[in-house]
Amino acid sequence: MKNFDASESADSRRSWFKKTAVLGSALLTGSLAEAAPEAKPAATRRLPIAVSTYSYWPLSGPKYPIKNVIEDAARLGFDGVEILHRSMEEDTVAYQNKLKRIAFDNGMALPLLSIHQNFLQPDVAKRKADIEHTYKCIDMASQMGIPCVRMNTGSWGTVKNKRQTDYYTHGVEPPIEGYTDEDGIKWTIDGMGECLQYAEKQGIVLALENHWGLSSNIEYLLRMYNALKSSPSMGLNVDTGNFVGEPYAGLEKLAPYATIVQAKTYFGGGTFYDKAMDYDRIGKIFQKANYKGFVSLEMEGKEDPKTSVPKSLEMLRKAFTFTV
(Lines give C-alpha, C1' and ligand atoms only; values in the text may rest on other atoms or scores of the structure.)
Protein backbone atom coordinates (compact mmCIF):
# COMPACT_ATOMS: atom_id res chain seq x y z
CA MET A 1 0.00 0.00 0.00
CA LYS A 2 1.40 3.42 -1.00
CA ASN A 3 2.23 5.70 1.95
CA PHE A 4 0.49 9.06 2.16
CA ASP A 5 2.83 11.91 1.23
CA ALA A 6 1.70 15.37 2.40
CA SER A 7 4.04 17.20 0.01
CA GLU A 8 2.69 15.18 -2.95
CA SER A 9 -0.89 16.05 -1.95
CA ALA A 10 -0.02 19.73 -1.73
CA ASP A 11 1.57 19.62 -5.18
CA SER A 12 -1.58 18.04 -6.58
CA ARG A 13 -3.78 20.73 -5.06
CA ARG A 14 -1.52 23.48 -6.43
CA SER A 15 -1.65 21.89 -9.90
CA TRP A 16 -5.45 21.66 -9.79
CA PHE A 17 -5.82 25.31 -8.68
CA LYS A 18 -3.42 26.40 -11.43
CA LYS A 19 -5.38 24.57 -14.14
CA THR A 20 -8.69 25.91 -12.83
CA ALA A 21 -7.38 29.46 -12.85
CA VAL A 22 -6.10 29.13 -16.41
CA LEU A 23 -9.44 27.75 -17.63
CA GLY A 24 -11.38 30.46 -15.84
CA SER A 25 -9.18 33.13 -17.37
CA ALA A 26 -9.64 31.59 -20.80
CA LEU A 27 -13.40 31.63 -20.44
CA LEU A 28 -13.43 35.24 -19.29
CA THR A 29 -11.13 36.45 -22.07
CA GLY A 30 -12.72 34.34 -24.79
CA SER A 31 -9.44 32.52 -25.39
CA LEU A 32 -9.70 28.75 -25.17
CA ALA A 33 -6.12 27.98 -26.14
CA GLU A 34 -5.68 25.97 -22.95
CA ALA A 35 -9.15 24.35 -23.32
CA ALA A 36 -9.98 24.15 -27.04
CA PRO A 37 -13.48 22.81 -27.79
CA GLU A 38 -13.97 19.80 -29.98
CA ALA A 39 -14.41 20.65 -33.67
CA LYS A 40 -18.03 20.53 -34.83
CA PRO A 41 -18.73 17.96 -37.54
CA ALA A 42 -19.47 19.38 -41.00
CA ALA A 43 -23.17 19.67 -41.84
CA THR A 44 -24.78 19.09 -45.23
CA ARG A 45 -27.37 21.44 -46.72
CA ARG A 46 -29.36 19.80 -49.51
CA LEU A 47 -31.43 22.36 -51.36
CA PRO A 48 -34.90 21.15 -52.41
CA ILE A 49 -35.17 20.43 -56.15
CA ALA A 50 -38.44 20.77 -58.07
CA VAL A 51 -39.20 20.08 -61.72
CA SER A 52 -41.28 22.39 -63.89
CA THR A 53 -44.11 20.98 -65.96
CA TYR A 54 -42.44 22.99 -68.74
CA SER A 55 -39.73 20.29 -68.79
CA TYR A 56 -42.33 17.85 -70.12
CA TRP A 57 -44.38 20.28 -72.22
CA PRO A 58 -42.41 23.24 -73.65
CA LEU A 59 -45.47 25.13 -74.94
CA SER A 60 -45.94 22.99 -78.05
CA GLY A 61 -47.39 19.62 -79.01
CA PRO A 62 -49.83 17.56 -76.93
CA LYS A 63 -49.89 18.55 -73.28
CA TYR A 64 -48.32 16.13 -70.81
CA PRO A 65 -50.79 15.87 -67.90
CA ILE A 66 -49.63 17.58 -64.72
CA LYS A 67 -50.85 14.55 -62.77
CA ASN A 68 -48.23 12.49 -64.63
CA VAL A 69 -45.52 15.07 -63.96
CA ILE A 70 -46.24 14.92 -60.22
CA GLU A 71 -46.15 11.11 -60.18
CA ASP A 72 -42.96 11.01 -62.28
CA ALA A 73 -41.33 13.59 -60.01
CA ALA A 74 -42.15 11.58 -56.89
CA ARG A 75 -40.76 8.39 -58.44
CA LEU A 76 -37.52 10.10 -59.51
CA GLY A 77 -36.89 11.72 -56.12
CA PHE A 78 -37.74 15.37 -56.71
CA ASP A 79 -38.98 17.47 -53.80
CA GLY A 80 -41.65 19.38 -55.68
CA VAL A 81 -43.28 20.39 -58.97
CA GLU A 82 -43.45 23.86 -60.48
CA ILE A 83 -46.69 24.36 -62.39
CA LEU A 84 -46.61 26.34 -65.61
CA HIS A 85 -50.04 27.93 -65.87
CA ARG A 86 -50.24 27.31 -69.62
CA SER A 87 -49.76 23.58 -69.06
CA MET A 88 -52.86 23.35 -66.86
CA GLU A 89 -55.71 21.51 -68.55
CA GLU A 90 -58.35 23.76 -67.00
CA ASP A 91 -58.72 26.57 -64.47
CA THR A 92 -61.60 25.24 -62.37
CA VAL A 93 -61.36 25.07 -58.60
CA ALA A 94 -62.14 21.33 -58.80
CA TYR A 95 -59.11 20.80 -61.05
CA GLN A 96 -56.89 22.93 -58.79
CA ASN A 97 -57.97 20.91 -55.77
CA LYS A 98 -57.27 17.70 -57.67
CA LEU A 99 -53.68 18.77 -58.39
CA LYS A 100 -53.19 19.81 -54.78
CA ARG A 101 -54.43 16.42 -53.55
CA ILE A 102 -52.27 14.46 -56.03
CA ALA A 103 -49.21 16.44 -54.91
CA PHE A 104 -50.02 15.81 -51.26
CA ASP A 105 -50.57 12.09 -51.81
CA ASN A 106 -47.18 11.88 -53.55
CA GLY A 107 -45.31 13.92 -50.94
CA MET A 108 -44.62 16.70 -53.43
CA ALA A 109 -44.48 20.42 -52.67
CA LEU A 110 -45.90 22.88 -55.20
CA PRO A 111 -43.50 25.82 -54.75
CA LEU A 112 -44.16 27.93 -57.85
CA LEU A 113 -46.89 28.85 -60.34
CA SER A 114 -45.29 30.33 -63.47
CA ILE A 115 -47.54 32.72 -65.36
CA HIS A 116 -47.24 35.15 -68.26
CA GLN A 117 -48.22 38.79 -68.43
CA ASN A 118 -46.99 41.83 -70.34
CA PHE A 119 -46.51 45.26 -68.80
CA LEU A 120 -44.74 46.66 -71.90
CA GLN A 121 -47.92 47.86 -73.58
CA PRO A 122 -48.76 51.53 -74.15
CA ASP A 123 -52.48 50.71 -74.03
CA VAL A 124 -53.58 51.18 -70.41
CA ALA A 125 -56.56 48.85 -70.90
CA LYS A 126 -54.28 46.02 -72.09
CA ARG A 127 -51.96 46.45 -69.11
CA LYS A 128 -55.00 46.45 -66.82
CA ALA A 129 -56.22 43.20 -68.39
CA ASP A 130 -52.87 41.56 -67.61
CA ILE A 131 -53.07 42.84 -64.04
CA GLU A 132 -56.53 41.28 -63.72
CA HIS A 133 -55.10 38.04 -65.16
CA THR A 134 -52.41 38.15 -62.47
CA TYR A 135 -55.06 38.59 -59.77
CA LYS A 136 -56.80 35.48 -61.06
CA CYS A 137 -53.53 33.52 -60.97
CA ILE A 138 -52.77 34.72 -57.44
CA ASP A 139 -56.17 33.30 -56.41
CA MET A 140 -55.28 30.01 -58.12
CA ALA A 141 -51.92 29.84 -56.33
CA SER A 142 -53.66 30.44 -53.01
CA GLN A 143 -56.21 27.72 -53.79
CA MET A 144 -53.48 25.18 -54.61
CA GLY A 145 -51.28 26.11 -51.66
CA ILE A 146 -48.55 27.51 -53.91
CA PRO A 147 -46.59 30.26 -52.09
CA CYS A 148 -44.96 31.95 -55.08
CA VAL A 149 -45.98 33.21 -58.54
CA ARG A 150 -43.44 33.85 -61.33
CA MET A 151 -43.83 37.28 -62.96
CA ASN A 152 -42.48 38.78 -66.21
CA THR A 153 -41.89 42.32 -67.39
CA GLY A 154 -43.23 41.24 -70.76
CA SER A 155 -42.00 42.09 -74.24
CA TRP A 156 -42.16 45.06 -76.59
CA GLY A 157 -43.02 42.66 -79.39
CA THR A 158 -40.73 44.40 -81.88
CA VAL A 159 -38.64 41.28 -82.60
CA LYS A 160 -41.16 39.09 -84.39
CA ASN A 161 -39.30 35.77 -84.61
CA LYS A 162 -36.73 35.50 -81.86
CA ARG A 163 -35.76 31.92 -82.72
CA GLN A 164 -34.76 32.81 -86.28
CA THR A 165 -32.87 36.02 -85.48
CA ASP A 166 -29.77 36.78 -83.39
CA TYR A 167 -31.93 38.06 -80.52
CA TYR A 168 -30.64 35.52 -78.00
CA THR A 169 -27.03 36.55 -78.66
CA HIS A 170 -27.60 40.17 -77.61
CA GLY A 171 -30.99 40.23 -75.82
CA VAL A 172 -31.86 43.72 -77.03
CA GLU A 173 -35.45 44.33 -78.07
CA PRO A 174 -36.08 47.89 -79.33
CA PRO A 175 -39.03 49.70 -77.72
CA ILE A 176 -42.19 50.43 -79.68
CA GLU A 177 -41.72 53.56 -81.77
CA GLY A 178 -42.43 56.66 -79.70
CA TYR A 179 -41.58 54.99 -76.38
CA THR A 180 -38.44 54.15 -74.41
CA ASP A 181 -37.19 51.52 -72.00
CA GLU A 182 -37.81 54.06 -69.24
CA ASP A 183 -41.53 53.94 -70.09
CA GLY A 184 -41.40 50.14 -69.82
CA ILE A 185 -39.63 50.25 -66.48
CA LYS A 186 -42.27 52.64 -65.11
CA TRP A 187 -45.16 50.55 -66.44
CA THR A 188 -43.65 47.41 -64.92
CA ILE A 189 -43.13 49.04 -61.52
CA ASP A 190 -46.67 50.44 -61.54
CA GLY A 191 -48.25 47.16 -62.70
CA MET A 192 -46.24 45.05 -60.29
CA GLY A 193 -47.14 47.50 -57.52
CA GLU A 194 -50.86 46.91 -58.10
CA CYS A 195 -50.37 43.15 -58.22
CA LEU A 196 -48.30 43.21 -55.02
CA GLN A 197 -51.10 44.90 -53.09
CA TYR A 198 -53.39 42.05 -54.07
CA ALA A 199 -50.74 39.39 -53.40
CA GLU A 200 -50.08 40.72 -49.90
CA LYS A 201 -53.72 40.07 -48.94
CA GLN A 202 -53.40 36.46 -50.14
CA GLY A 203 -49.97 35.85 -48.62
CA ILE A 204 -48.42 35.11 -52.01
CA VAL A 205 -44.92 36.10 -53.16
CA LEU A 206 -44.54 37.57 -56.67
CA ALA A 207 -41.10 36.76 -58.05
CA LEU A 208 -40.01 38.90 -61.01
CA GLU A 209 -37.84 36.88 -63.39
CA ASN A 210 -34.95 37.72 -65.68
CA HIS A 211 -37.09 36.47 -68.55
CA TRP A 212 -35.55 38.23 -71.54
CA GLY A 213 -37.26 41.32 -72.88
CA LEU A 214 -36.65 44.33 -70.65
CA SER A 215 -35.47 42.08 -67.82
CA SER A 216 -32.50 40.73 -69.81
CA ASN A 217 -30.82 43.96 -68.73
CA ILE A 218 -29.74 43.09 -65.19
CA GLU A 219 -29.42 46.72 -64.15
CA TYR A 220 -33.00 47.38 -65.26
CA LEU A 221 -34.18 44.28 -63.39
CA LEU A 222 -32.51 45.35 -60.15
CA ARG A 223 -33.91 48.88 -60.50
CA MET A 224 -37.42 47.45 -60.72
CA TYR A 225 -36.81 45.02 -57.86
CA ASN A 226 -35.35 47.70 -55.59
CA ALA A 227 -38.28 50.02 -56.30
CA LEU A 228 -40.69 47.33 -55.06
CA LYS A 229 -38.72 45.42 -52.42
CA SER A 230 -40.44 47.17 -49.49
CA SER A 231 -43.46 44.97 -50.17
CA PRO A 232 -43.39 41.75 -48.12
CA SER A 233 -44.67 39.98 -51.24
CA MET A 234 -41.88 41.12 -53.57
CA GLY A 235 -39.40 38.48 -54.71
CA LEU A 236 -36.93 37.68 -57.48
CA ASN A 237 -36.91 34.57 -59.64
CA VAL A 238 -33.40 33.90 -60.98
CA ASP A 239 -33.27 31.82 -64.17
CA THR A 240 -29.79 30.41 -64.76
CA GLY A 241 -30.18 30.24 -68.54
CA ASN A 242 -31.69 33.63 -69.38
CA PHE A 243 -28.46 35.56 -69.83
CA VAL A 244 -26.70 36.97 -72.87
CA GLY A 245 -23.40 35.08 -73.10
CA GLU A 246 -21.96 33.38 -70.03
CA PRO A 247 -24.29 33.53 -67.03
CA TYR A 248 -21.88 33.66 -64.09
CA ALA A 249 -21.36 37.43 -63.70
CA GLY A 250 -25.11 37.99 -63.88
CA LEU A 251 -25.81 35.19 -61.44
CA GLU A 252 -23.37 36.67 -58.93
CA LYS A 253 -25.29 39.97 -59.11
CA LEU A 254 -28.73 38.39 -58.72
CA ALA A 255 -28.08 35.47 -56.35
CA PRO A 256 -28.13 37.59 -53.15
CA TYR A 257 -31.73 38.63 -53.95
CA ALA A 258 -33.07 35.26 -55.15
CA THR A 259 -36.41 34.06 -53.80
CA ILE A 260 -36.50 31.03 -56.06
CA VAL A 261 -34.19 29.66 -58.78
CA GLN A 262 -35.05 28.10 -62.13
CA ALA A 263 -32.23 25.92 -63.45
CA LYS A 264 -32.05 25.35 -67.20
CA THR A 265 -30.56 22.24 -68.83
CA TYR A 266 -30.19 21.61 -72.58
CA PHE A 267 -29.75 17.88 -73.17
CA GLY A 268 -30.08 17.06 -76.85
CA GLY A 269 -29.49 20.66 -77.87
CA GLY A 270 -31.46 23.72 -76.85
CA THR A 271 -34.91 24.51 -78.19
CA PHE A 272 -34.18 28.25 -78.44
CA TYR A 273 -30.39 28.35 -77.94
CA ASP A 274 -27.59 26.23 -76.50
CA LYS A 275 -25.73 27.34 -73.41
CA ALA A 276 -22.85 25.60 -71.64
CA MET A 277 -23.70 25.52 -67.93
CA ASP A 278 -21.13 24.74 -65.24
CA TYR A 279 -23.49 23.81 -62.42
CA ASP A 280 -20.71 23.11 -59.93
CA ARG A 281 -19.68 26.75 -60.37
CA ILE A 282 -23.31 27.93 -60.26
CA GLY A 283 -23.92 25.95 -57.07
CA LYS A 284 -20.98 27.69 -55.42
CA ILE A 285 -22.36 31.10 -56.42
CA PHE A 286 -25.64 30.39 -54.63
CA GLN A 287 -23.87 28.82 -51.67
CA LYS A 288 -21.80 32.00 -51.26
CA ALA A 289 -25.03 34.01 -51.38
CA ASN A 290 -26.44 31.78 -48.59
CA TYR A 291 -29.40 30.78 -50.77
CA LYS A 292 -31.64 28.19 -49.06
CA GLY A 293 -34.75 27.97 -51.25
CA PHE A 294 -36.09 25.81 -54.06
CA VAL A 295 -34.26 25.11 -57.31
CA SER A 296 -36.71 24.27 -60.10
CA LEU A 297 -35.53 22.36 -63.16
CA GLU A 298 -36.53 23.67 -66.57
CA MET A 299 -35.22 21.12 -69.07
CA GLU A 300 -35.23 23.04 -72.35
CA GLY A 301 -33.38 20.56 -74.53
CA LYS A 302 -34.67 18.37 -77.35
CA GLU A 303 -33.90 15.05 -75.63
CA ASP A 304 -36.83 12.98 -74.36
CA PRO A 305 -37.74 14.07 -70.79
CA LYS A 306 -37.78 10.40 -69.77
CA THR A 307 -33.97 10.41 -69.98
CA SER A 308 -33.05 14.10 -69.78
CA VAL A 309 -35.02 14.93 -66.61
CA PRO A 310 -33.38 12.19 -64.47
CA LYS A 311 -29.92 13.24 -65.74
CA SER A 312 -30.72 16.85 -64.92
CA LEU A 313 -31.83 15.94 -61.40
CA GLU A 314 -28.59 14.07 -60.76
CA MET A 315 -26.56 17.08 -61.90
CA LEU A 316 -28.56 19.55 -59.81
CA ARG A 317 -28.46 17.36 -56.68
CA LYS A 318 -24.68 17.36 -56.86
CA ALA A 319 -24.40 21.10 -57.52
CA PHE A 320 -26.87 22.21 -54.86
CA THR A 321 -25.78 19.98 -51.97
CA PHE A 322 -23.48 22.07 -49.79
CA THR A 323 -21.13 21.30 -46.90
CA VAL A 324 -21.51 23.99 -44.28
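All of the points below concern the structure found in this document. Everything numeric in this text was worked out from a predicted model, so none of it was measured.

## Looking at helix 6 (residues 181-202)
Working step 1: For helix 6, built from 22 residues, the straight-helix expectation of 32 Å at 1.5 Å per residue is met to within 8% by its first-to-last C-alpha distance of 31 Å.
Working step 2: For helix 6, the full list of buried residues reads G184, I185, W187, T188, G191, M192, G193, C195, L196 and A199.
Working step 3: Here the buried face of helix 6 lies against helix 4 (124-144), strand 5 (148-151), strand 6 (205-209), helix 7 (218-228) and strand 7 (234-239).
Working step 4: Two residues or fewer past helix 6, G203 is found with a positive phi of approximately 70°.

## Some details on the sheet that holds strand 9 (residues 295-299)
In a beta sheet, neighbouring strands are held together by backbone hydrogen bonds and run either parallel or antiparallel to one another.
Working step 1: In space, the 8 strands of this closed barrel follow the order 2-3-4-5-6-7-8-9, with parallel pairing throughout. The mean inter-strand angle of the sheet, taken between neighbouring strand axes irrespective of direction, is 30°.
Working step 2: Inspection of the sheet shows strand 6 paired to strand 7 by 4 bridges, in the parallel sense. When the bridges of strand 7 are listed, A207 appears paired with G235.
Working step 3: Relative to the sheet, helix 7 contacts strand 6 and strand 7, its axis offset from that of strand 7 by approximately 155°.
Working step 4: In this fold helix 10 (residues 305-319) packs onto strand 2 (49-52), strand 8 (260-265) and strand 9, with an angle of close to 145° to the strand it touches most, strand 9.

Criteria and thresholds
Residue numbering note: each chain is counted from 1, following its sequence as written. Local features are withheld for residues below a pLDDT of 70 in this predicted model, meaning they are given only at 70 or higher, and side-chain atom pairs are given and counted only at 80 or more; totals for whole chains, interfaces and linings count all residues. Only hydrogens and water are set aside; all other atoms, that is, all heavy atoms of the structure, feed into the side-chain values. Comment: elements are numbered from the N terminus, with helices defined as DSSP H or I runs of at least four residues and strands as E runs of at least two. For a helix, the expected span equals 1.5 Å multiplied by the residue count minus one. The buried label applies to any residue whose accessible area, calculated with a 1.4 Å probe on protein chains only, is under 20% of its type's maximum; exposed applies above 50%, and partly exposed to all values in between. Here, two residues are considered to be in contact whenever any of their heavy atoms come within 4.5 Å of each other. When DSSP finds at least two bridges between two strands, those strands are taken to pair. For helices, the fitted axis covers only the stretch in contact; all axes are lines through C-alpha atoms, and the angles between them, taken along N-to-C directions, range from 0 to 180 degrees.

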